[in-house]
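# Chains, contacts and geometry: an overview
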Amino acid sequence: MTIRVETRALDTLIPETIPIHFIKIDVEGGEYQVFKGAQNVLKRNRPVVVFESGISASKYYNTKPEEIFDFLTNQVNLKLSLLKDFIGKKRPLERNSFIKIYNSEQEYYFVAHP
């Protein structure tokens, strides 16, 4: 069974005059596509973004953890942390650590943040 869902980029839905401080994303593997569709919102506002992600779901979108890390850190200038580390004020993840955790599915909850 196929379910068709209309999608639109956050960049086309959120006016530039509205400040965004927090975004929660839970789209079962389509996180990278959401990030790309919110590139201007993310760059302009630099919100805290909580998202659940892992290799099991993202493989349906042909997304690699390197793409997510590189986009969030290089394109929109955010850092990546595990949710529990962000709450505990620990250091952000480095690229290799993110990739390893993402692929191993040890943790699913991440935070992109300024």
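Residues numbered from 1 in each chain as written. Predicted model: local features only at pLDDT ≥ 70, side-chain atom pairs only at ≥ 80, totals over all residues. Heavy atoms only, no water.

Before going further, it helps to examine the pattern of salt bridges. If charged atoms from side chains of opposite charge come close, those side chains can pair. Evaluated as defined, the whole model comprises four salt bridges. Among the salt bridges present, the one from R95 reaches D70, with a minimum N-O distance of 2.8 Å. Of this pair, R95 sits in helix 7 (residues 95–104) while D70 sits in helix 5 (residues 65–75), placing them 25 residues apart in sequence. Accessibility expressed as a relative area gives 33% for R95, which makes it partly exposed. What makes D70 partly exposed here is its relative accessible area of 25%. R91 serves as the salt-bridge partner of E94, at 3.9 Å between the closest nitrogen and oxygen. The residues E94 and R91 share a single accessibility class, namely exposed. (Salt bridge = Lys/Arg side-chain N within 4 Å of Asp/Glu carboxyl O. Helix = DSSP H or I, 4+ residues; strand = E, 2+ residues; numbered from the N terminus. Buried < 20%, exposed > 50% of the residue type's maximum accessible area, 1.4 Å probe, protein only.)

Moving on, we come to helix 7. Looking only at helix 7, the buried set comprises F98, I99, I101 and Y102. Buried residues along helix 7 sit against helix 4 (55–58), helix 5, strand 3 (79–82) and strand 4 (109–113). (Contact = heavy atoms within 4.5 Å.)

A separate point is the layout of surface pockets. Its volume calculated, the largest pocket comes out at about 300 Å³. In terms of lining residues, the largest pocket is bounded by T7, R8, A9, L10, V27, G30, Q33, V34, G37 and Y61. Per element, the largest residue contribution to the lining of the largest pocket is three residues, and it comes from helix 2 (residues 31–37). For the lining of the largest pocket, the residue count by class is five nonpolar, four polar and one charged. (1 Å grid on protein atoms, 1.4 Å probe; cavity = no way out; pocket = protein on both sides within 12 Å on 5 of 7 lines; lining within 4 Å. Points joined across faces, edges and corners; volume = space filled by probe spheres on them. Nonpolar A, V, L, I, M, F, W, Y, C, P; charged D, E, K, R; others polar.)

Time to look at the sheet that holds strand 2 (residues 48–52). Across the sheet, which stays open at both edges, the four strands sit in the order 1-2-4-3 with mixed pairing between neighbours. Sheet topology places strand 1 (22–25) and strand 3 at the edges, where each strand pairs with a single neighbour. Strand-to-strand, the axes of this sheet are offset by a mean angle of 20 degrees, without reference to chain direction. Relative to strand 4, strand 2 runs antiparallel, the two being bridged by four bridges. (Pairing = 2+ DSSP bridges. Axes fitted to C-alpha atoms, helices over the stretch in contact; angles between N-to-C directions.)

A separate point is unusual backbone geometry. At E28, a position not held by glycine, the phi torsion is positive, near 50 degrees. Looking at where E28 falls in the secondary structure, it is placed in the loop between strand 1 and helix 2. Backbone geometry places K89, a non-glycine residue, at a positive phi of 60 degrees.

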